[in-house]
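As a plain string of letters, each chain reads:
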Amino acid sequence: MPDLAELFRTEPGTLGGRYMRTLWHPIFIASDLKPGWAKPVQILGEKFTLYRGEGGAPHLTAFRCAHRGLQLSVGWIEGDSIRCRFHGWKYDGSGQCVEVPTEDESTAKTVRLRSYPVREYLGLIFAFIGDGDAPALPRYPALNRAASCGSRPTRAPAISSSTWKTIRCTSPSRTASRSYTSIVRKFR
Ligand code: FES
């Protein structure tokens, strides 16, 4: 019998981590990420760079620049791209390097950061940090009205407790604890 504690480690490569990376996760309050701003975020033991382009689209990319590894979130946003503060390498929202100062275009084309799908829903930014294609983002119709009224998620307890009960019962951790054996089989 595998150690149950394994399920609650979520770093890359762990049993719980592999399972949790098959799901979408809410990672930030959407209104707290202003256009033109970048933030460092940590999800399931991994660090990332979350930023919102000047046009309003959010992006999630690797935590560090591919050149000398500076934390990208201390860089600045140009349009829909982020530029590293150290030597100025510039990456677009897909993680593709689009400019290396002092080098020609062909150099930039060979460099790409990993990037991840993100969606805004219910006033939150959701991300999928697993491998392969992201599944459809789950929808919670009962919460749509609160979100469309502009309520921040922190005010959501005003929603009926039965709604929350439904959500809690389908939460990843609950599902995980009930399906431990099948998860072990699938992700070990
Ligand atoms: S470390 Fe980012 S451009 Fe050099």
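In this text, all values refer to a predicted model and were calculated from it rather than measured experimentally. (Residues numbered from 1 in each chain as written. Predicted model: local features only at pLDDT ≥ 70, side-chain atom pairs only at ≥ 80, totals over all residues.)

(A) Highlighting the overall build of the protein chain. Helices and strands together make up the secondary structure of the protein chain, namely six helices and eleven strands. A total of 188 residues make up the protein chain; the buried ones form 22% of that total. At a minimum sequence separation of 6, the contacts of the protein chain that also span at least 24 residues come to 42%. (Helix = DSSP H or I, 4+ residues; strand = E, 2+ residues; numbered from the N terminus. Buried ≥ 20, exposed ≤ 12 C-beta atoms within 10 Å, placed from the backbone. Contact = placed C-beta atoms within 7 Å.)

(B) Fine view of the sheet that holds strand E11 (residues 124-127). The three strands lie next to each other as E1-E11-E10, forming an open sheet whose pairing is antiparallel. Across the chains shown, the open sheet's two edge strands, defined by having one partner strand only, are strand E1 (25-29) and strand E10 (118-121). When strand polarity is set aside, the average angle formed by the axes of neighbouring strands in this sheet is 35°. In this structure, E10 lies alongside E11, joined through four bridges in antiparallel fashion. For Val118, the partnering residue across the bridge sits in E11 and is Ala127. (Pairing = 2+ DSSP bridges. Axes fitted to C-alpha atoms, helices over the stretch in contact; angles between N-to-C directions.)

(C) Inspection of unusual backbone geometry at higher detail. With a phi close to 50°, Leu44 is a non-glycine residue in the positive phi region. Mapped onto the elements, Leu44 comes out in the loop between strand E2 (38-43) and strand E3 (46-52). One non-glycine residue, Thr102, lies in the positive phi region at around 75°. By the secondary structure assignment, Thr102 is in the loop between strand E8 (97-99) and helix H2 (105-109).

(D) A look at the sheet that holds strand E9 (residues 115-116). Ordered by their spatial adjacency, four strands build an open sheet running E2-E3-E4-E9, and the pairing between neighbours is antiparallel. In the strand order of this sheet, the two ends are held by E2 and E9, each with one partner. Relative to E3, E2 runs antiparallel, the two sharing six bridges. Bridging from a neighbouring strand, Ile43 pairs with Glu46 of E3.

(E) Spatial organisation of the nonpolar core. Within the largest apolar cluster, 23 residues are counted, with the highest numbers of intra-cluster contacts made by Ile27, Leu50, Ile125, Phe126 and Ala127. Secondary-structure elements contributing two or more residues to this core are E1, E3 and E11. In contact with Ile27, other than residues within four places in its own chain, are Val41, Ile43, Leu50, Ile125, Phe126 and Ala127. (Core = buried A, V, L, I, M, F, W, Y, C linked by C-beta atoms within 7 Å.)

(F) Main features of the pairing of E11. Judged from the four bridges that link them, E1 and E11 form a sheet pairing that is antiparallel. Paired with Phe28 across the two strands is Ile125, which belongs to E11. Hairpin connection, E10 to E11: the antiparallel pair is bridged by two residues, and Leu122 has positive phi, about 60°.

(G) Spatial organisation of the environment of Thr10. Topologically, Thr10 is positioned in the segment before helix H1 (15-20). Since 17 C-beta atoms lie within 10 Å of it, Thr10 is described here as partly exposed. A sequence separation of eleven residues divides Thr10 from Arg21, and the C-alpha atoms of the two residues are 8.7 Å apart. Those residues within four positions of Thr10 in sequence are excluded, and the remaining contacts are Gly16, Gly17, Met20, Leu44 and Gly45.

(H) Quick look at the environment of Pro12. Looking at the element boundaries, Pro12 is found in the segment before H1. A count of 11 C-beta atoms within 10 Å places Pro12 in the exposed class. Taking the C-alpha atoms as reference points, Pro12 and Gly130, separated by 118 residues in sequence, lie 9.4 Å from one another. In this structure, Pro12 is in contact with Gly17 and Glu46, ignoring residues within four places of it in sequence.

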